[in-house]
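Chain by chain, the residues:
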Amino acid sequence: MDPLNYNQIEFLKSAATFSQLPPDIGAEVAFAGRSNAGKSSALNAITGRHRLARTSKTPGRTQLINFFILDAHRRLVDLPGYGYAKVPEEIKHRWGKSIEEYISHRQSLQGIILLMDIRHPLTEFDWRMIKWTAPQNLAIHILLTKADKLKRGAAQNTLLHVRKELSGYEDLITIQLFSSVIPQGLEEAHSKLDELLSLE
């Protein structure tokens, strides 16, 4: 399959509940991460569309499941950020329930891009996502974001540490360094997305 053109992505729709999701056909990959992990910035960098996902100095602004269409058969999905947002606990609980339901029942979901701030990897939320996803045999590709905040040696050490902590999940989880500022890791992220979104 030829590499996908991520720059041609367009917003499709937002959904507050599972019943509002678009038709469950084709292939999609969902982006998930703690609210301050740089998820919107990563989505914008990967697609080359700087206003695709709304970034904010107030983490947790993504409160809906947002769908973006690449072509007639492939989508990227922006899941609500979780764990930092200053919102009522009731809403946090609803976000968690929506995400879990989506991951458990969405047939077209081919994998998760899980974003972690390289300075604070493997939070409670990250482990929860991994444990939700593993029983579904869904691939997880981890972006250790904000890699520009660390020196190269420290970033590589963190990558090795996270890989070691996730031993036992090698069949499901891949990991890379990423920065939307430099940028760093775009080609590797595109390659992984192409693989996950392949319809072959």
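Residues numbered from 1 in each chain as written. Predicted model: local features only at pLDDT ≥ 70, side-chain atom pairs only at ≥ 80, totals over all residues. Heavy atoms only, no water.

Asks: Can you explain the overall build of the protein? Please cite residues and give values.
Replies: From N to C terminus, the protein includes 5 helices and 7 strands. Ordering the α and β elements of the protein from the N terminus gives β-β-α-β-β-α-β-α-β-α-β-α. Pairs at least 24 residues apart make up 74% of the contacts formed inside the protein by residues separated by at least 6 positions. Entry remark: accessible area of the protein is about 10300 Å², with carbon and sulfur atoms responsible for 48%. (Helix = DSSP H or I, 4+ residues; strand = E, 2+ residues; numbered from the N terminus. Contact = heavy atoms within 4.5 Å. Areas by Shrake-Rupley, 256 points an atom, 1.4 Å probe, with all protein chains shown as cover.)

Asks: Can you lay out the nonpolar core for me, pointing to particular residues and giving the numbers?
Replies: Across soluble globular proteins, nonpolar side chains show a tendency to be buried alongside one another. Core analysis: the biggest nonpolar cluster contains 34 residues, and Y102, I103, I112, L114, M129, I142 and L144 have the highest contact counts within it. Of all the elements in the fold, those that place two or more residues in this core are β2 (27-33), β3 (65-71), α2 (89-105), β5 (109-117), α3 (124-133), β6 (139-145), α4 (152-165) and β7 (173-177). Discounting chain neighbours no more than four positions away, the residues touching Y102 are F18, L21, E28, A30, I65, F67, V77, L79 and L109. (Core = buried A, V, L, I, M, F, W, Y, C linked by side-chain atoms within 4.5 Å. Buried < 20%, exposed > 50% of the residue type's maximum accessible area, 1.4 Å probe, protein only.)

Asks: Outline α3, supporting the account with residue identities and numerical values.
Replies: Buried residues of α3: F125, D126, M129, I130, W132 and T133, and no others. Mapping the buried residues of α3 onto a view down its axis gives an arc of 165 degrees, with all of them on the same face. Exposed residues pointing more than 90 degrees away from the buried face of α3 are listed as E124 and K131. (Arc of directions from axis to C-beta.)

Asks: Help me get a handle on α4, residues and values and all.
Replies: When the terminal C-alpha atoms of α4 are compared, their 20 Å separation across 14 residues agrees well with the 20 Å that a helix rising 1.5 Å per residue should span. Taken together, the buried positions of α4 are occupied by A155, T158, L159 and V162. An end-on view of α4 places all buried positions within 100 degrees of arc, on one side of the element. Facing away from the buried side of α4, by more than 90 degrees, are the exposed residues N157 and K164. The secondary structure elements touched by the buried residues of α4 are β6 and β7. (Expected span 1.5 Å × (residues − 1).)

Asks: Describe the pattern of salt bridges, and please don't skip the residues or the numbers.
Replies: Enumeration over the complete set of coordinates arrives at 10 salt bridges. A salt bridge links R49 to E10, with the shortest nitrogen-to-oxygen separation between them at 3.8 Å. Of the two residues, R49 sits in the loop between α1 (39-47) and β3 while E10 sits in strand β1 (residues 10-15), which places them 39 residues apart along the sequence. The class for R49 is partly exposed, based on a relative accessible area of 26%. A salt bridge links E28 to R75, with the nearest nitrogen and oxygen atoms 2.6 Å apart. Here the residue E28 occupies a position in strand β2, and R75 occupies one in strand β4 (residues 74-78), the gap between them amounting to 47 residues. We classify E28 as buried; its relative accessible area is 0%. Beyond isolated ion pairs, a larger network of salt bridges with shared partners links D24, E28, R75 and R106. (Salt bridge = Lys/Arg side-chain N within 4 Å of Asp/Glu carboxyl O.)

It is worth stressing that arrangement in space is one thing and function is another; only the former is reported here.
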